[in-house]
Amino acid sequence: MILNPVLYFSNRTGIPRIATSAVSVSTTGVTFTIPSDGRFSNFFNGLILLKMEQEIPAGTTDTLPIFLTSNAGAKPVTVLGGEAWTVADYLTGIHLAYYESNTGTLQLLV
């Protein structure tokens, strides 16, 4: 049997859909809460759809970074290039992201 190294299924069960349930603001960042279902503490690598319907409170500093928190702790969200996703760039809706469990990277793809 010949295996094709180009074809690698990183998530055989499909793309997880995770909805945030709350948002909180502190002096160090804006944190969105997600269910504690173990996705960010397992050996998961792959695409994630984030449904984020909460508005960030008016008057929040635009330069604050955004985090997602669950039972695995807070994860900073980055954008392409590795920069922090900030309040200035946040829009409610559905966001496509990639999570890499080895490094803890959670990066928006668009």
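The structure under discussion appears in the preceding block.
Fair warning: this is a prediction, and the values are worked out from it, not measured in the lab. (Residues numbered from 1 in each chain as written. Predicted model: local features only at pLDDT ≥ 70, side-chain atom pairs only at ≥ 80, totals over all residues. Heavy atoms only, no water.)

1. So, the overall build of the chain
- Scanning the chain from N- to C-terminus turns up zero helices and eight strands.
- Tracing the chain from N to C terminus, the helices and strands come up as β-β-β-β-β-β-β-β.
- Every one of the 110 residues in the chain was classed for burial, and the buried ones make up 35%.
- Long-range pairs, those at least 24 residues apart, make up 66% of the contacts in the chain between residues at least 6 apart in sequence.
- Of the accessible surface of the chain, which amounts to about 6,900 Å², a share of 57% is contributed by carbon and sulfur atoms. (Helix = DSSP H or I, 4+ residues; strand = E, 2+ residues; numbered from the N terminus. Buried < 20%, exposed > 50% of the residue type's maximum accessible area, 1.4 Å probe, protein only. Contact = heavy atoms within 4.5 Å. Areas by Shrake-Rupley, 256 points an atom, 1.4 Å probe, with all protein chains shown as cover.)

2. Regarding the sheet that holds strand β1 (residues 17–19)
- Strand order in the open sheet formed by eight strands is β1-β4-β7-β8-β6-β5-β3-β2, and the pairing between neighbours is mixed. Each end of this open sheet is capped by a strand with a single partner; those strands are β1 and β2 (22–25). The sheet shows a mean angle of 30° between the axes of neighbouring strands, taken without regard to direction.
- Bridge count for strand β5 (residues 66–70) against strand β6 (residues 73–78) is four bridges, and the pairing is antiparallel. Bridging from a neighbouring strand, T69 pairs with A74 of β6. (Pairing = 2+ DSSP bridges. Axes fitted to C-alpha atoms, helices over the stretch in contact; angles between N-to-C directions.)

3. Thoughts on the pairing of β2
- Across four bridges, β2 lies against strand β3 (residues 30–33) in antiparallel orientation. Pairing of V25 across the sheet is with V30, part of β3.

4. Focus: a nonpolar patch on the surface
- Where nonpolar side chains cluster on the molecular surface, the patch consists of I15, L47 and Y98 and spans about 220 Å² of accessible area.
- Position of Y98 relative to the elements: it lies in strand β7 (residues 93–100). (Patch = residues over 30% accessible without salt bridge, like charges linked within 9 Å, V, L, I, M, F, W, Y side chains within 5 Å. Salt bridge = Lys/Arg side-chain N within 4 Å of Asp/Glu carboxyl O.)

5. Here we look at the pattern of salt bridges
- Taken as a whole, this structure holds one salt bridge when the rule is applied.
- In this structure, E53 and K51 form a salt bridge, with 3.7 Å as the shortest nitrogen-oxygen distance.
- Classification of K51 by relative accessible area gives partly exposed; the value is 39%.

6. Structural notes on the packing of aromatic side chains
- Tallied over the full model, the rule gives two aromatic pairs.
- On the numbers, 5.1 Å between centres and 35° between planes, the contact of F32 with Y90 is tilted. Of this pair, F32 sits in strand β3 while Y90 is found in the loop between β6 and β7, placing the two residues 58 residues apart along the sequence.
- Counting every residue linked through ring pairs, the aromatic cluster contains F32, W85 and Y90. (Phe/Tyr/Trp six-rings, centres within 6.5 Å; stacked < 30°, edge-to-face > 60°.)

7. Describing the pairing of β3
- Counting the residues in the hairpin turn of β2 and β3 gives four residues.
- With four bridges connecting them, β3 and β5 associate as parallel partners. Pairing of F32 across the sheet is with L68, part of β5.

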